[in-house]
Amino acid sequence: MKDIEIVIIGGGLAGLTAGIHLTKKGISVTIIEKNDYPKHKVCGEYISNEVLPYFDDLDIQLSDLKPTTITDLQFSIANGTSIHTKLPLGGFGISRYELDFYLYKKAIANGCKILIEEVDDVTFDKEKFTITTSNGTMLSSDFVIGAFGKRSNIDLKLNRNFIKQKSPWLAVKGHYSGEFPNDLVGLHNFKGGYCGVSKVEKDIINICYLVEYQVFKEYKNINDFQNLVVKQNPQLNKIFENSTLLFEKPLTISQISFEEKLAVENHIVMIGDTAGLIHPLCGNGMAMAIHSAKLISELLISFATNELKTRAELEKKYIKLWNFNFKNRLKFGRLLSKIIVKPKLSRTLMLLLIVFPFLLNTIIKKTHGKPF
């Protein structure tokens, strides 16, 4: 087995999972993450059960975190009309605060080095990467995995296409106490956006919504927007009126881009949201991030064991695997989002689902994968 050095930029869900996988196989990994652990993140915090066989292989014991078991989905349009179905695979609810911290400790236990610093620059020359942080740390590696999330200064440095375009989306997330079924994930439409609701560990309700900034900016603040727009959906009004915010204030993130991204740029292999972001309404971004970590880890192990001979071969295989597993799901997610945020189209979709309820499971399967 060849000695190779891997640097992973970003210690979120995808980066930590890849670090755990690679160090488990004896490969040297350094993860550079700009934020300390644990930390809350804007996220739907629902994961499809498709990840469970892989987590078992990595000895990731999610039961230690006591996640909720989610079996059902409720979908409603802006006027509150709703439909209910069983999820084909089911999933679980777990906060990023708890999950990322657990994976961080697991990665360290596996022998992964983790630096809490911000990457300032990455260069590639003569088959080697040089990574420089804002603290002046300089690292050399054979491969760099990009796991730096939705938007980063590294995207600007790489001059990635999506970063040049202004994105219309804003996301808001909060943890709440209140009454909500443990086994249900709710997806509720409102003017200009949609909201996901589900329980995570410790009887906490996670409420996370995505809204077009053009709609949001008409209002002075989040409270006004929630009261005057989000709560116009009776399903969401009931949830908010019976819940108490546990954060000092909701978390927000803007400029979220769902445009296509390249899976490899300047020889950096991208995973998770860095490679492509699925609309949260599809409820599968976390599973995709985990799956992409598996794909690149297996290819890097094949390179270390000489099954793959060249960097070019590895990059070509990764792009092919990324497209095979995720390209159509991302495309369908973009299409579904365009339908849901338009009131007339969302009402038409709801009428179709009421008459043909089996279509909802078909839609879910289009955005979810199989166990891996």
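Residues numbered from 1 in each chain as written. Predicted model: local features only at pLDDT ≥ 70, side-chain atom pairs only at ≥ 80, totals over all residues. Heavy atoms only, no water.

Draft legend 1. Geometry of the sheet that holds strand β2 (residues 28–33). In spatial order, the strands read β6-β2-β1-β10-β18-β17; together these six strands make up an open sheet with mixed pairing. Only two strands of the sheet have a single partner each, and these edge strands are β6 (113–116) and β17 (264–265). For strand β1 (residues 5–9) and β2, the ladder comprises five bridges, and the chain directions are parallel. Its bridge partner lying in β2, Val7 is registered against Thr30. (Pairing = 2+ DSSP bridges. Helix = DSSP H or I, 4+ residues; strand = E, 2+ residues; numbered from the N terminus.)

Draft legend 2. Local environment of unusual backbone geometry. With an omega dihedral of -10°, the bond running from Tyr37 to Pro38 counts as a cis peptide bond. Following the sequence through the fold, Pro38 ends up in the loop between β2 and β3 (46–48). Unlike most non-glycine residues, Glu127 shows phi in positive territory, near 70°. Inspection of the secondary structure puts Glu127 in the loop between β7 (119–125) and β8 (128–133).

Draft legend 3. Just the sheet that holds β7, in detail. Across the sheet, three strands lie side by side as β7-β8-β9; this open sheet has antiparallel pairing. The outermost strands of the open sheet, each flanked by one partner alone, are β7 and β9 (138–141). With direction set aside, neighbouring strand axes in the sheet form an average angle of 20°. In the sheet, β8 pairs with β9 via four bridges, with the strands oriented antiparallel. The residue of β9 that forms the bridge with Phe129 is Ser141. (Axes fitted to C-alpha atoms, helices over the stretch in contact; angles between N-to-C directions.)

Draft legend 4. Highlighting the packing of aromatic side chains. Summed over all chains, the structure comprises 15 aromatic pairs. Taken together through their ring pairs, the aromatic side chains of Phe190, Tyr209, Phe216, Tyr219 and Phe225 make up a single cluster. Of note, Lys261 hangs over the ring of Phe162, and the distance from its end group to the ring centre comes to 4.4 Å. Positioned above the aromatic ring of Phe143 is the side chain of Arg311, whose terminal nitrogen or guanidinium carbon lies 4.5 Å from the ring centre. (Phe/Tyr/Trp six-rings, centres within 6.5 Å; stacked < 30°, edge-to-face > 60°. Lys NZ or Arg CZ within 6 Å of the ring centre and 35° of its normal.)

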